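Letter by letter, the chains look like this.
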Amino acid sequence: MATPATSASLERLSAHAGEQRAPGRSMLVIVNPYATTVSLRMKNLVVYALQARFDVDTVDTEGAGHAVDLCRDAAAAGVEVVVAVGGDGTVNEAANGLAGSSTALGVLPGGSTNVFARTLGLPNDPIEATAVLLEALEARSIERVGLGSVNGRYFCFHVGAGFDAALVEQVEKRAGLKRWAGHPLFAWAGLNAWMNHYDRTKPHFRVCFPDGDHVDDGYFTVVCNTNPYTYVGNRPFDISPETTLDNGLGVVTVRSLRVDHLLRIIVRALRGNGALARDPKVHHRWDVDEVRIEGIDGRAFPYQVDGDHLGEIAELRFRHEPAALD
């Protein structure tokens, strides 16, 4: 049965569907059919509503990197808007394909957490989000925003190095459970990574800033382009509240994996209001243009970009890329 919120959203979409299409407005809708909450019914409803106002082409992604190529082709062809329907990984690929172009990116949530879509203020329900997206497009509410880049790859909301990435790796090994287990899977993966898959007895890397500031005992670092880091249910996990799409990067480094320190850090992040930055085991800087993470003695460490685990690496170089994307 439809919830009251969903019913109201369907009525808003029906109203849009009855309006006359604006001539010459082109849109590509890219759908990850394997994303956690994407279904054929949801896809059809979204596309039907968007077709009321745009000339819409729809493509399903077929694997890693496909959305990047689709978006580059769309930008080269002068498509006005690309809408990415999927999780944060799909959105990351779309942003990498569109960065530097005049084609705007629209986002509709289809994953398990949808951090970037929710950071933009969209509802976590894709039908409700479609109604909001249409109203924004009709109002020409499009803004140029900054992205982060790591070793030449753009990211929308964050990159995690160290323990954070080890946690994501454990989740991805059980990706089939994300649709059903959701946040309990992430909690279990964190405990499993802490106990069995990450050396918590010694630091893994150092974090180096251009002005000479450095952290030599990093266990995990999150470099943020936005805040929050993620959501626990509807509650933001707040690690760098000063970081927005309009300023530089936030860099948060945790300097201990002792269980009492971790529990205190989690509580402070959930409390918000900048409480995490005051923790003695956390190093926090914001509005950063550049930063480098290097493995101690050249050792590799795991990392993830916008929630996708990308393996291990010995060095990461970050830059803030202002006004990179519509």
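Nothing here was measured: the structure is a model prediction, and the numbers come from that model.

K.L.:
Explain the packing of aromatic side chains to me, using residue names and the numbers behind them.
P.N.:
Taken as a whole, this structure holds 5 aromatic pairs when the rule is applied. Arranged with centres 6.2 Å apart and planes meeting at 85°, the rings of F155 and F318 form a pair that is edge-to-face. With F155 in strand β6 (residues 153–155) and F318 in strand β18 (residues 315–325), the pair connects residues that are 163 residues apart, well separated along the chain. As far as the burial class goes, F155 and F318 line up, both buried. One aromatic cluster in this structure is built from F163, Y198 and F220. In this arrangement the basic side chain of R118 is found over the ring face of Y231, its NZ or CZ atom lying 4.1 Å from the centre.

K.L.:
Please set out the environment of P241 residue by residue, giving values where relevant.
P.N.:
Its location among the elements puts P241 in the loop between β12 (235–237) and β13 (249–254). Looking at P241, the relative accessible area reads 35%, which means it is partly exposed. Between the C-alpha atom of P241 and that of A275, which follows or precedes it by 34 residues, the distance is 9.8 Å. Residues contacting P241, with those up to four places away along its chain left out, are N227 and G274.

K.L.:
Break down the packing of helix α2 (residues 40–51) against helix α6 (residues 126–138) for me, with residues and values.
P.N.:
Close contact between α2 and α6 brings their axes to 10 Å; oriented N to C, the two are set at 15°. Classed by the angle they form, the pair α2 and α6 counts as roughly parallel. When the axes of α2 and α6 are compared, the crossing they make is right-handed. Mapping the contact onto sequence places M42, L45, V46, A49 and L50 in α2 and P126, I127, T130 and L134 in α6. Of the residues in the contact of α2 with α6, the class split is 8 nonpolar, 1 polar and no charged.

K.L.:
Which residues make up the pairing of strand β2 (residues 55–60), and what are the values?
P.N.:
Remember that side chains alternate between the two faces of the sheet whenever the strand is regular. Sheet topology places strand β1 (residues 26–31) next to β2; 6 bridges connect them, and they run parallel. Opposite V31, over in β2, you have D60 as the bridge partner. You can see the chain leave β1, run along α2 and come back into β2, and the turn it takes is right-handed.

K.L.:
Account for the pattern of salt bridges, naming residues and giving values.
P.N.:
For the structure shown, the criterion picks out 19 salt bridges. E315 is the partner of R317 in a salt bridge, and the nearest nitrogen-oxygen pair spans 3.2 Å. On the accessibility criterion, R317 (48% relative accessible area) is partly exposed. According to the relative accessible area criterion, E315 is partly exposed, its value standing at 30%. Each of R206, D216, R292, E294, E315 and R317 takes part in one network of salt bridges that share partners.

Definitions and limits used
Residues numbered from 1 in each chain as written. Predicted model: local features only at pLDDT ≥ 70, side-chain atom pairs only at ≥ 80, totals over all residues. Heavy atoms only, no water. Phe/Tyr/Trp six-rings, centres within 6.5 Å; stacked < 30°, edge-to-face > 60°. Helix = DSSP H or I, 4+ residues; strand = E, 2+ residues; numbered from the N terminus. Buried < 20%, exposed > 50% of the residue type's maximum accessible area, 1.4 Å probe, protein only. Lys NZ or Arg CZ within 6 Å of the ring centre and 35° of its normal. Contact = heavy atoms within 4.5 Å. Axes fitted to C-alpha atoms, helices over the stretch in contact; angles between N-to-C directions. Parallel < 35°, antiparallel > 145°, perpendicular 65-115°, else oblique. Left-handed = near helix turned anticlockwise from the far one by under 90°. Nonpolar A, V, L, I, M, F, W, Y, C, P; charged D, E, K, R; others polar. Pairing = 2+ DSSP bridges. Right-handed = clockwise from strand over helix to strand, strands pointing away. Salt bridge = Lys/Arg side-chain N within 4 Å of Asp/Glu carboxyl O.

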